Amino acid sequence: MALFRRFFGAEGAVHDNQLQAEAVDAVQGLDIDAAVAAHQQWKQHLLAHLAGHPEAGLDVEQICRDDRCDLGRWIHGQARARLGTFPGFTALLSHHRMFHHVACNVLALERAGKRGDARRMVADQFEAYSDRVTEDLRLLQQVVNQPRSEPGRSN
């Protein structure tokens, strides 16, 4: 039950199976492991860019918008439609938005010639939001993979 409360925020949720089914439906088409791996790779791309390797392939428009990456399109599309009111989802939305906001600021610092500040921002703020996005996705994955409870019993 604690797992469901963390994500759904439902005190004494009597419809855990319904809520879980909603989460399962929402994650159709999203590979959570791939989304986690992709977000963890962003740090390497940013650091490569800051080291002077433009082949890192950073698209500034995609970086500065939280609805352009695969995860962002899912968050702003079917996930928001199905999970938009739940605290676990709103945390993911917020952390993902800040992840992109900080990445955009890293690039702005780099353009301003402040590579040291940009690297520090990657190590501090960017890493923290990356970790939060990963934690949020792992929580969702646990909710989806939790064995269903028997009717009349809570998880």
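Report follows, based on the coordinates. (Residues numbered from 1 in each chain as written. Predicted model: local features only at pLDDT ≥ 70, side-chain atom pairs only at ≥ 80, totals over all residues. Heavy atoms only, no water.)

### A look at the layout of surface pockets
For clarity, the cut-off: The pocket and cavity definitions rest on a 1 Å grid over protein atoms only: a 1.4 Å probe that fits but cannot leave marks a cavity, an open set with protein on both sides within 12 Å along at least five of seven lines marks a pocket, and residues lining either have an atom within 4 Å of a point. Grid points are joined across faces, edges and corners, and a volume is the space filled by probe spheres set on the points. By definition, any uninterrupted DSSP run of H or I lasting at least four residues is a helix, any uninterrupted run of E lasting at least two residues is a strand, and each is numbered from the N terminus.
Estimates place the volume of the largest pocket at around 220 Å³. If you trace the largest pocket, you find 13 residues lining it, with A35, A38, C69, D70 and L71 closest to the centre. Per element, the largest residue contribution to the lining of the largest pocket is five residues, and it comes from helix α3 (residues 32-50).

### Quick notes on the nonpolar core
Just so we agree on the cut-off: Joining through side-chain atoms within 4.5 Å is the link that ties buried Ala, Val, Leu, Ile, Met, Phe, Trp, Tyr and Cys residues into a set, and such a set is a nonpolar core. Each residue gets one of three labels from its accessible area relative to the maximum for its type: buried under 20%, exposed over 50%, partly exposed in between, using a 1.4 Å probe on protein chains only. We call two residues contacting when some pair of their heavy atoms lies within 4.5 Å.
With 45 residues, the main nonpolar core has F7, L71, W74 and L140 as its most contacted residues. Tallying contributions element by element places helix α7 (residues 115-145) first for this core, with 11 residues. Apart from the residues lying within four places of it in its own chain, the contact partners of W74 are A26, V27, L30, A79, R80, L92 and L140.

### Notes on the packing of α3 against α7
Applicable threshold: Every angle, taken between N-to-C directions, lies between 0 and 180 degrees, and every axis is a line fitted to C-alpha atoms, over only the stretch in contact when it is a helix. Angular relationships are summarised with four words: roughly parallel below 35 degrees, roughly antiparallel beyond 145, roughly perpendicular across 65 to 115, and oblique for the angles in between. Under this grouping Gly is polar, as are all residues other than the nonpolar Ala, Val, Leu, Ile, Met, Phe, Trp, Tyr, Cys and Pro and the charged Asp, Glu, Lys and Arg.
Their axes nearest at 10 Å, the elements α3 and α7 cross at an angle of 175 degrees. Between α3 and α7, the interaxial angle falls into the category roughly antiparallel. Of the residues belonging to the contact of α3 with α7, the class tally is 13 nonpolar, five polar and six charged.

### Overview of the state of the cysteines
In plain terms, the rule: When the sulfur atoms of two cysteines come within 2.5 Å, that pair is taken as a disulfide.
Applying the stated criterion across every chain, the model contains one disulfide. The disulfide bridge from C64 ends at C104, spanning 2.0 Å between sulfur atoms. Because the sign of the S-S torsion sets the handedness, a value of about 85 degrees for the bond joining C64 and C104 places this disulfide among the right-handed ones. Of this pair, C64 sits in helix α4 (residues 60-64) while C104 sits in helix α6 (residues 87-111), and the two are 40 residues apart along the sequence.

### A few points about the pattern of salt bridges
Defined as follows: Here, a salt bridge means any Lys or Arg side-chain nitrogen found within 4 Å of an Asp or Glu carboxyl oxygen.
Tallied over the entire structure, the rule returns 10 salt bridges. Residue R68 is joined to D67 by a salt bridge in which the shortest nitrogen-to-oxygen separation is 3.9 Å. A relative accessible area of 26% means that D67 is categorised as partly exposed. Measuring nitrogen to oxygen at the nearest pair gives 3.1 Å for the salt bridge that ties R115 to E110. Residue R115 is classed as partly exposed on the basis of its relative accessible area of 34%. Sharing partners across several salt bridges, the network here consists of E22, D25 and R82.

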